[in-house]
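# Chains, contacts and geometry: an overview
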Amino acid sequence: MNGAQDAILLRGLSAVYEGESVPAIRDIDMSVASGDFICVVGPNGAGKTTLLEVINGILPHTSGEGTALGLSISENGDRIRKRIGYVIQNFEIDPLSPFLCRNVVMSGRAGMIGLLRFPAKHDWDVVNRALSLVGMESYASRPVGKLSGGEFQKILIARAIAQEPEVYLLDEPFSNLDIKARGDVDRLICELNRGGSTILMVSHDVGSIPLSCTRMILMDRGRIVAEGPRNEMLQTGEISDLLRCRGSEP
Ligand SMILES: Nc1ncnc2c1ncn2[C@@H]1O[C@H](COP(=O)(O)OP(=O)(O)O)[C@@H](O)[C@H]1O
Ligand SMILES: [Mg+2]
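In this report, the structure presented in the accompanying data block is examined. (Residues numbered from 1 in each chain as written. Chains lettered and ligands numbered in written order. Predicted model: local features only at pLDDT ≥ 70, side-chain atom pairs only at ≥ 80, totals over all residues. Heavy atoms only, no water.)

## Comments concerning the environment of V32
Summarising the element assignment, V32 is placed in strand β2 (residues 25-33). V32 has contacts with D6, A7, I8, I38 and T198, leaving out every residue within four places of it along the chain. (Helix = DSSP H or I, 4+ residues; strand = E, 2+ residues; numbered from the N terminus. Contact = heavy atoms within 4.5 Å.)

## Some points on the coordination of the magnesium ion (ligand 2)
The protein atoms donating to the magnesium ion (ligand 2) are T49 (OG1) and Q89 (OE1), with metal-donor distances spanning 2.1 to 2.5 Å. Residue T49 is located in helix α1 (residues 48-55), and its partner Q89 is located in the loop between β6 (84-87) and α3 (101-106); the two are separated by 40 residues in the primary sequence. The exposure class assigned to T49 is partly exposed, which follows from its relative accessible area of 26%. Judged by relative accessible area, Q89 falls into the partly exposed class, the value being 22%. (Donors = N, O, S within 2.8 Å, 3.2 Å for Na, K, Ca; no water. Buried < 20%, exposed > 50% of the residue type's maximum accessible area, 1.4 Å probe, protein only.)

## What to know about the sheet that holds strand β5 (residues 71-72)
Taken in spatial order, the four strands of this open sheet run β2-β1-β4-β5, and their pairing is antiparallel. Two strands lie at the open edges of the sheet, namely β2 and β5, each paired on one side alone. (Pairing = 2+ DSSP bridges.)

## Here we look at the pattern of salt bridges
Scanning the entire structure with this criterion turns up 13 salt bridges. E166 is paired through a salt bridge with R83; the nearest N and O atoms lie 2.8 Å apart. Of this pair, E166 sits in the loop between α6 (149-162) and β7 (167-171) while R83 sits in helix α2 (residues 77-83), and the two are 83 residues apart along the sequence. Residue E164 is joined to R109 by a salt bridge in which the shortest nitrogen-to-oxygen separation is 3.2 Å. A residue pair is termed long-range when its members are at least 10 positions apart, and E164 in the loop between α6 and β7 and R109 in the loop between α3 and α4 (110-113) qualify at 55 residues. By sharing partners, the salt bridges in this structure join R109, D123, R129 and E164 into a single network. (Salt bridge = Lys/Arg side-chain N within 4 Å of Asp/Glu carboxyl O.)

That is the geometry; function is a separate question.
Quick look at the structure:
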């Protein structure tokens, strides 16, 4: 399989969780070109988070094959994770967490800095720029445990930006956000894409698909059931029918 031109290329990919008999994702064929902005939409349990974890090399797939940034996902998890920024879903904040926002954002650069080196001035410059891009520069010295859900979501996005990745995997990036913060994060994601980053975002909410997204993929029960250009997909009604009849909790 030659995935050299694609940011992500999956062929017949399935993954079964340990102890389960039914695959959480099955027969996934997907190609994401460099610079694409793709949204995967589907109801609760469709396999969206599982898909991102398999791409990021966190969860091994059980059949099929896949590459991310031209590297086989079954053998290169560590290398892939250094070059992909993953914003996870519904991260729980411990209210007692003493870590300051700027340190959490710096942790996005851990793969680059390595274990035995301290962050240099350049690393702090990147962190400060990431904080300012998400509008959180004045929160740099606050403990993350004191943030609201929306503020923490922005810190997680800043952490991914500080990693300076080629690809962003965004899992429900609008969860926990109020309307204003949604607008801010929407603009930010579109700007990252305009700057050349590849975006693969997943969402259960068809009302939150950014305008810059060009292609949508609909998942249900672990499979891809439809895909096409954003505007065509939103007009078919297939997505809203599926989300309405299965519920749309994240
Ligand atoms: N750690 C796990 N062990 C076993 N089954 C899991 C695990 N995580 C998720 N699943 C199951 O895999 C399926 C897909 O889940 P998930 O990828 O989280 O869906 P989505 O993100 O679309 O809501 C669901 O049926 C879910 O219950
Ligand atoms: Mg999920």
